[in-house]
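Breakdown of the fold
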Amino acid sequence: MPNGQHGQSSSSRPAGGQWYPPEWPDRIRALADGSLTPVAPRRAATVMLLRDTPAGPAVHMLRRRSSMAFAGGAYAYPGGGVDPRDEDHRIGWAGPDQDAWAARLGTDAASAQAIVCGAVRETFEEAGVLLAGPTADTVVGDTTGDDWEADRQALVGRELSFAEFLDRRGLLLRSDLLGAWARWITPEFEPRRYDTWFFVAALPEGQRTRNASTEADRTVWIGPAVAAAGYDKGELLMMPPTIATLRSLEPYGSAAAALAGAAAQDLTAVVARAALVDGELVLSWPGHDEFTKRVRSDRPGAPS
């Protein structure tokens with residue numbers, strides 16, 4: 001944070017609606033003095049689902065219930081943890097193969113398959129949208145019937161693996177409908193850590209979103225710039241990865257343009273750093289100065 005201006009970024013944006021748990025300063029201190037051992041992050045995937053409107057592309061967002069232990073009340077995208085079963089099974093697949101995805105995501109082929117499956121599965125579980133079709137150039141239509149809902153619930157309950165679901169339906173995962181956009185890793189001092197890959201996709205024709213997540217109390221379609229303005233005003237609560245990816249969507253005039261632009265996005269993992277500097281605990285995300293927080297190290301209190 002330049003010039004000691006706490007709470008402002010290099011572009012003088014206010015901290016706005018940044019989600020910042022009150023227990024973070026104590027956890028940062030514990031990490032610094034060695035009394036806290038970081039947990040290994042779980043792999044996760046999330047999808048910025050876009051659709052075109054007269055005002056430009058809108059992104060589908062959900063608001064996490066205020067009762068949630070992690071980021072309650074914050075706006076986010078459909079997403080969740082990767083299912084390890086998706087590494088081992090042969091998946092009906094169309095588009096760039098697992099080796100191509102491994103090169104893009106910086107993983108091995110089995111992990112890449114699981115991460116891409118996680119992105120598609122979570123979008124279906126939480127938004128009712130399925131990026132799959134009976135052939136390599138088709139996508140399923142309406143997925144709101146009772147039989148689809150039964151399968152969705154079985155996926156949520158992990159009674160059904162994603163590979164089994166695709167096989168049962170005779171479907172191919174359409175990996176070409178996804179673009180890898182960003183990668184963020186939860187800070188080391190958090191008790192719940194995720195290594196999350198962010199993807200972008202366009203809402204398939206004939207499908208519609210719905211709030212299918214038990215973790216969300218509302219969903220919205222909103223322009224990235226409108227959502228970012230709401231964050232800056234303190235009206236919309238978001239975690240750093242969410243607002244950062246929203247801002248990065250703003251230059252694109254259509255869902256197709258964003259999908260085409262995904263190949264140029266930097267997938268270097270972003271992970272917060274905590275350091276003691278001149279009597280202050282400084283929490284920063286490399287490359288994202290607007291999220292820097294400073295807390296006096298000799299007393300508890302809210303970040304400045």
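Residues numbered from 1 in each chain as written. Predicted model: local features only at pLDDT ≥ 70, side-chain atom pairs only at ≥ 80, totals over all residues. Heavy atoms only, no water.

**With respect to the layout of surface pockets**
As a volume, the second largest pocket reaches approximately 210 Å³. Trp181, Ala182, Arg183, Trp184, Ala244, Thr245, Ser248, Gln265, Asp266, Thr268, Val270 and His288 are the residues that line the second largest pocket. Residue assignment for the lining of the second largest pocket shows that the elements contributing at least two residues are β8 (179-185) and α8 (240-249). Broken down by element, the residue count for the lining of the second largest pocket peaks at four residues, all from β8. (1 Å grid on protein atoms, 1.4 Å probe; cavity = no way out; pocket = protein on both sides within 12 Å on 5 of 7 lines; lining within 4 Å. Points joined across faces, edges and corners; volume = space filled by probe spheres on them. Helix = DSSP H or I, 4+ residues; strand = E, 2+ residues; numbered from the N terminus.)

**So, the confidence of the model for the protein**
Taken over all residues, the pLDDT of the protein has a mean of 86, while the share at 70 or more is 87%. Note that pLDDT drops below 50 for residues 1-14; the model gives that stretch 22 contacts with residues more than four away or on any other chain. In this model residues 299-304 is a low-confidence stretch, pLDDT under 50, and it forms twelve contacts with partners more than four residues away in sequence or in other chains. (pLDDT = per-residue confidence, 0-100. Contact = heavy atoms within 4.5 Å.)

**Some words on the packing of aromatic side chains**
Scanning the model with the defined rule gives nine aromatic pairs in all. A centroid spacing of 6.2 Å and a plane angle of 80° characterise the contact between Phe124 and Trp148, whose relative ring orientation is edge-to-face. With Phe124 in helix α4 (residues 109-127) and Trp148 in helix α5 (residues 146-156), this residue pair connects regions lying 24 residues apart in the sequence. Exposure remark for Trp148: the relative accessible area of 11% places this residue in the buried category. Pairing Trp184 with Phe291 gives two aromatic rings, centres 6.4 Å apart and planes at 70°, and the pair type is edge-to-face. Of this pair, Trp184 sits in strand β8 while Phe291 sits in strand β14 (residues 288-296), placing them 107 residues apart in sequence. (Phe/Tyr/Trp six-rings, centres within 6.5 Å; stacked < 30°, edge-to-face > 60°. Buried < 20%, exposed > 50% of the residue type's maximum accessible area, 1.4 Å probe, protein only.)

**Observations regarding the packing of helix α3 (residues 98-105) against α4**
Close contact between α3 and α4 brings their axes to 8 Å; oriented N to C, the two are set at 90°. Considered as vectors, α3 and α4 are oriented roughly perpendicular to each other. Every residue of α4 that contacts α3 at Gln98, Asp99, Trp101, Ala102 and Leu105 is listed here: Ala109, Ala112, Gln113, Ile115 and Val116. Grouping the amino acids of the contact of α3 with α4 by side-chain chemistry returns seven nonpolar, two polar and one charged. (Axes fitted to C-alpha atoms, helices over the stretch in contact; angles between N-to-C directions. Parallel < 35°, antiparallel > 145°, perpendicular 65-115°, else oblique. Nonpolar A, V, L, I, M, F, W, Y, C, P; charged D, E, K, R; others polar.)

**Examining the environment of Ala100**
Tracing the chain through its elements places Ala100 in helix α3. Since its relative accessible area comes to 38%, Ala100 is described here as partly exposed. For the pair Ala100 and Ala112, spaced twelve residues apart in sequence, the C-alpha to C-alpha distance is 8.8 Å.

**A look at the sheet that holds strand β7 (residues 172-174)**
One open sheet holds the three strands; their spatial order is β5-β7-β6, and the pairing between them is mixed. The open sheet has two edge strands with one neighbour each: β5 (93-94) and β6 (132-133). For β5 and β7, the ladder comprises two bridges, and the chain directions are parallel. Along β7, the bridge assignment pairs Ala94 with Arg174. (Pairing = 2+ DSSP bridges.)

**Describing the pattern of salt bridges**
With the rule as written, the count across this model stands at 17 salt bridges. Linking Arg29 and Asp26 is a salt bridge whose minimum nitrogen-to-oxygen distance equals 2.9 Å. Of this pair, Arg29 and Asp26 both sit in helix α1 (residues 24-32), three residues apart, which is roughly one turn of the helix. Using a relative accessible area of 46% as the deciding quantity, one classes Asp26 as partly exposed. A salt bridge links Asp151 to Arg169, with the shortest nitrogen-to-oxygen separation between them at 3.0 Å. You can see Asp151 sitting in helix α5 and its partner Arg169 sitting in helix α6 (residues 162-169), a full 18 residues away along the chain. Arg169 gets classed as partly exposed once you look at its relative accessible area, which sits at 24%. Each of the salt bridges in this network shares a partner with another, and the network as a whole consists of Asp83, Arg85, Asp86, Arg121, Glu122, Glu125 and Arg158. (Salt bridge = Lys/Arg side-chain N within 4 Å of Asp/Glu carboxyl O.)

**Concerning α8**
The element α8 is largely enclosed, with a buried count of nine among its ten residues. By the burial criterion, the buried members of α8 are Pro240, Pro241, Thr242, Ile243, Ala244, Thr245, Leu246, Arg247 and Leu249.

**Overview of the side chain of Arg247**
Considering the arrangement of structural elements, one finds Arg247 in helix α8. At a separation of 2.8 Å, a polar atom in the side chain of Arg247 contacts the side chain of Glu290. (Polar contact = N/O pair within 3.5 Å; in protein donor to acceptor, adjacent residues only side chain to side chain.)

**Considerations on the pairing of strand β2 (residues 56-64)**
In terms of burial, β2 is largely enclosed, as eight of its nine residues are buried. Relative to β2, strand β1 (residues 42-53) runs antiparallel, the two being bridged by four bridges. In the strand pairing of β2, Leu50 is matched with Val59. In textbook terms, the turn of a hairpin is the stretch between consecutive antiparallel strands, and for β1 and β2 this stretch comprises two residues. Relative to strand β3 (residues 75-76), β2 runs antiparallel, the two being bridged by two bridges. Residue Arg63 lies in a different strand from β3, and its bridge partner there is Tyr75.

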